[in-house]
Amino acid sequence: MTHSTLRIGIIGIDSSHAPAFTQMLNDTEHPFHVPGGKVTIAYPGGSPDFEMSYGRIEGFTNQLRDLGVNIVDSAEEVAANCDGILMTSVDGRIHLEQFHRVAAYGRPIFIDKPMAVSSSDAHEIKALAKSHHISIMSCSSLRY
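In short, a report on the structure. Computed from a prediction, not measured in an experiment: that's the story for all the values here. (Residues numbered from 1 in each chain as written. Predicted model: local features only at pLDDT ≥ 70, side-chain atom pairs only at ≥ 80, totals over all residues. Heavy atoms only, no water.)

Counting its secondary structure elements, the chain contains six helices and six strands. When the helices and strands of the chain are listed from N to C terminus, the series reads β-α-β-α-α-β-α-β-α-β-α-β. At 14 Å, the chain has a C-alpha radius of gyration in line with the 15 Å of a compact globule built from 144 residues. Principal-axis analysis of the C-alpha atoms places the extent of the chain at approximately 40 × 35 × 30 Å. Here the chain, with 144 residues, has 44% of them falling under the buried criterion. Within the chain, contacts between residues separated by at least 24 positions form 76% of all contacts whose residues are at least 6 apart in sequence. Entry remark: accessible area of the chain is about 7400 Å², with carbon and sulfur atoms responsible for 54%. (Helix = DSSP H or I, 4+ residues; strand = E, 2+ residues; numbered from the N terminus. Rg over C-alpha atoms; globule rule 2.2 N^0.38 Å. Buried < 20%, exposed > 50% of the residue type's maximum accessible area, 1.4 Å probe, protein only. Contact = heavy atoms within 4.5 Å. Areas by Shrake-Rupley, 256 points an atom, 1.4 Å probe, with all protein chains shown as cover.)

Our focus in this paragraph is the packing of aromatic side chains. For the structure shown, the criterion picks out one aromatic pair. When the ring of Phe21 is compared with that of Phe110, the centres are 5.9 Å apart and the planes differ by 85°; the resulting orientation is edge-to-face. Note that Phe21 is positioned in helix α1 (residues 17-26) and Phe110 in strand β5 (residues 109-112), a separation of 89 residues in sequence. (Phe/Tyr/Trp six-rings, centres within 6.5 Å; stacked < 30°, edge-to-face > 60°.)

With that settled, consider the pattern of salt bridges. Applying the stated criterion to the full structure yields five salt bridges. Linking Arg7 and Asp83 is a salt bridge whose minimum nitrogen-to-oxygen distance equals 3.1 Å. With Arg7 in strand β1 (residues 6-11) and Asp83 in the loop between α4 (75-80) and β4 (84-87), the pair connects residues that are 76 residues apart, well separated along the chain. The class for Arg7 is partly exposed, based on a relative accessible area of 31%. Take Asp83: its relative accessible area is 30%, and that puts it in the partly exposed class. A salt bridge links Arg101 to Glu76; the nearest nitrogen and oxygen atoms lie 3.0 Å apart. Here Arg101 is found in helix α5 (residues 95-102), whereas its partner Glu76 is found in helix α4, with 25 residues between them in sequence. Several salt bridges converge on common partners, so that one network encompasses Asp49, Asp91 and Arg93. (Salt bridge = Lys/Arg side-chain N within 4 Å of Asp/Glu carboxyl O.)

This part covers the environment of Phe99. Within the secondary structure, Phe99 sits in helix α5. Under the relative-accessibility criterion, Phe99 is labelled buried at 0%.

Turning to the packing of α5 against helix α6 (residues 119-131), a few remarks are in order. Interaxial distance between α5 and α6 falls to 10 Å at its minimum, and their mutual angle equals 15°. In terms of axis orientation, α5 runs roughly parallel to α6. Every pair of crossing elements has a handedness; the one defined by α5 and α6 is left-handed. From α5, His95, Leu96, Phe99 and His100 reach across to α6, where they touch Asp121, Glu124, Ile125, Leu128 and Ala129. Each residue belonging to the contact of α5 with α6 can be placed in one class, and the counts come to five nonpolar, two polar and two charged. (Axes fitted to C-alpha atoms, helices over the stretch in contact; angles between N-to-C directions. Parallel < 35°, antiparallel > 145°, perpendicular 65-115°, else oblique. Left-handed = near helix turned anticlockwise from the far one by under 90°. Nonpolar A, V, L, I, M, F, W, Y, C, P; charged D, E, K, R; others polar.)

Have a look at this one:
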């Protein structure tokens, strides 16, 4: 990894998007490789009341570990040790809470869809981003 390579952190390893993004960013032989950044650190996160989340964390976390990603115990540890964040939690209900946890670090953040499950949560994310001077983006990962 060169000095100019962005260190990317992932928050929420309960979606297939976490290993997919990691492969595209880290594997120079991947047919859709995106140069310039490397996923280096991740926090599993997840929702204990949403089977699509808790039922997939272990498998996707093991995939990231196999790809050389450092798995840590908190979203804050991710934010403290990266240059930008991919928030890939499958459950949009927790995006605002996760955003609160890392906003003070000032890292640009991509929030995988859905950005939020209510307009009030989306407005609060936008207000937090503005107050911490954070660039944010949220869309379908197909546009990534």
